[in-house]
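# Observations on the model geometry
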Amino acid sequence: MPTNHKRFELSILGCSGGPISSRTCAYLLKPANISYSEIILSIAEERGARKPLLAIDAGAGLTAISELVLEGDSKNPKDNFIISIYDDHQSQYEEFNFYQNTGNLEVSHPFACVGSKSSVSLAPLEASWKIINSITAYLITHPHLDHLSGLVINSPSFEDSKDVYGLPQTMNTIRSSLFNGHVWPDLISEGLINLHEISPYIDEHSMCDFYNVECFPVAHGDIQNGRFLSSAFLITDKLTQDSIIIFGDLESDYSSSKDYNRKIWELISPLVLKDKLNTIIIECSTIDKPPPLYGHMTPTSLIRELLALRKYCFDKKFLQKTISHSAESVVYIQSEFQPLKAMNVIVTHVKEVPAAVNPRTLIFRQLNDLNCKYALGINFTIALPGLSYIL
Ligand SMILES: [Zn+2]
Ligand SMILES: [Zn+2]
């Protein structure tokens, strides 16, 4: 294994499904053995060089990073914003470790190394400004504002042009509806924002020498002329060929009556079998309660999708001998071969509710009950802002 970048580090800036602002979906991805302090310190010497830092969605930005730098290396759950806005601290769920299945996942507090108490000694906004300016590319799953607002509002801080990648539909909407000279200045014509379309199932884009990125469409509710498209990014480390897949908002194939997700499960099942993909970052917005939240996932629909992935793994492994069985079949439940055993599934986009109990607690419980019922053996983690997951 190469020593210069061994593992992915996914940092959560925000992962809320709204309606609160400034903590909605935004993630940073970098090699685990290069710290944020190393990344920002090298800016001055290597101006224009491609930093190994990708942003996936931009629902949070300078505000969130500044606050996370300020929180530093706190292990106090009350300092974690998403835990502190609920009242159930006194319960068994007080520890934020409750939400992290660390079976094959390391968790760290990545922003302590750039704060005023660190050797870098930067004020929070100074540090977050430098982090934002170290981002080489933005991968945008879909143009909803809770995944994009940081790219717009933070743009006056950009010291260099930003490359933005996504589906052609997503790029078109960003061009026509955001940076159009009306809602916000036309930074595309000014050359500050460079849009790059990724054709699904065809293009593989190389990014900052470390990663190859592919993009696949998924359904995310109805619009006038059909299904609204969000997407998933498959990100592969060029040296190790290890991949992770990160989804934007989506709904189940069972509710969209499309086969976008099935196509993805079929595509990644060989990677799962080869142990080249052991992490899925995916949304689960609400608990199972009627009426279902439109265009999103619940524990039951997420588990149904993961059962479909398990079935594809069986079909590939046993050369389609199991193809006549439904994904819920006892054939899979009772098998000793469990392809998703110890797979990390990191859950994002939980919708906040005006209640005392954090909805993450209830979603986590439902997911793990179904995980047991179907003998999937998945390690579920509920994402929290301010944490990095080393994958
Ligand atoms: Zn969203
Ligand atoms: Zn959305």
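Residues numbered from 1 in each chain as written. Chains lettered and ligands numbered in written order. Predicted model: local features only at pLDDT ≥ 70, side-chain atom pairs only at ≥ 80, totals over all residues.

Turning our eyes to something else, we now look at the nonpolar core. With 109 residues, the main nonpolar core has L54, Y138, L139, I246 and V347 as its most contacted residues. The element that contributes the greatest number of residues to this core is helix α9 (residues 299-317), accounting for nine residues. When sequence neighbours within four positions are dropped, the list of residues in contact with I246 reads I56, A232, F233, I235 and I281. (Core = buried A, V, L, I, M, F, W, Y, C linked by C-beta atoms within 7 Å. Buried ≥ 20, exposed ≤ 12 C-beta atoms within 10 Å, placed from the backbone. Helix = DSSP H or I, 4+ residues; strand = E, 2+ residues; numbered from the N terminus. Contact = placed C-beta atoms within 7 Å.)

A word on helix α2 (residues 62-71). In an α-helix, one turn spans 3.6 residues, which is why side chains three or four residues apart end up on the same side. Turning to α2, its buried residues number three or more, namely L62, A64, I65, E67, L68 and V69. Its buried side turned inward, α2 meets β1 (8-14), β2 (26-31) and α4 (124-132). Two residues or fewer after α2 comes G72, characterised by a positive phi angle close to 60 degrees.

With that out of the way, let us pick up the pairing of β2. Burial of β2 is extensive: six of the six residues sit out of reach of the surface. Two elements, β1 and β2, share six bridges in a ladder whose sense is antiparallel. Among the inter-strand pairings, E9 is bridged to a residue of β2, identified as K30. For β2 and strand β3 (residues 54-58), the ladder comprises four bridges, and the chain directions are antiparallel. For L28, the partnering residue across the bridge sits in β3 and is A55. (Pairing = 2+ DSSP bridges.)

Before going further, it helps to spend a moment on the sheet that holds strand β6 (residues 162-166). One open sheet accounts for eight strands, arranged β4-β15-β1-β2-β3-β5-β6-β7; its pairing is mixed. Edge positions in the open sheet fall to β4 (106-108) and β7 (193-197), since each of these has one partner strand only. In this sheet, neighbouring strand axes are inclined to one another by 25 degrees on average, regardless of whether the strands run parallel or antiparallel. The pairing of strand β5 (residues 137-139) with β6 spans three bridges and is parallel. Residue L139 lies in a different strand from β6, and its bridge partner there is Y165. (Axes fitted to C-alpha atoms, helices over the stretch in contact; angles between N-to-C directions.)

Turning to the packing of α2 against α4, a few remarks are in order. Closest axis-to-axis distance for the α2/α4 pair is 8 Å, and the angle between their directions is 125 degrees. Taken together, the axes of α2 and α4 lie oblique to each other. In this structure, α2 crosses over α4, and the sense of that crossing is right-handed. Each of L62, I65, S66, V69 and L70 in α2 lies in contact with α4, whose residues at this interface are P124, L125, A127, S128, W129, I131 and I132. (Parallel < 35°, antiparallel > 145°, perpendicular 65-115°, else oblique. Left-handed = near helix turned anticlockwise from the far one by under 90°.)

Remark: α9 packs on helix α11 (residues 359-373), axes separated minimally by 9 Å, with the N-to-C direction vectors making an angle of 35 degrees. The handedness of the crossing between α9 and α11 is right-handed. Seen from α9, the contacting residues are P299, T300, L302 and I303; seen from α11, they are I363, Q366, L367 and L370. Across the contact of α9 with α11, the residue classes tally to six nonpolar, two polar and no charged. (Nonpolar A, V, L, I, M, F, W, Y, C, P; charged D, E, K, R; others polar.)

With that settled, the discussion passes to the environment of P110. Tracing the backbone shows P110 in the loop between β4 and α4. Considered as a pair, P110 and S388 are 278 residues apart in the sequence and their alpha carbons are 6.1 Å apart. Those residues in contact with P110 that lie beyond four places of it in its chain are E9, S11, Y36 and S388.

A separate point is α4. Taken residue by residue, α4 has P124, A127, S128, K130, I131 and I132 as its buried positions. Against α1 (36-41) and α2 lie the buried residues of α4.

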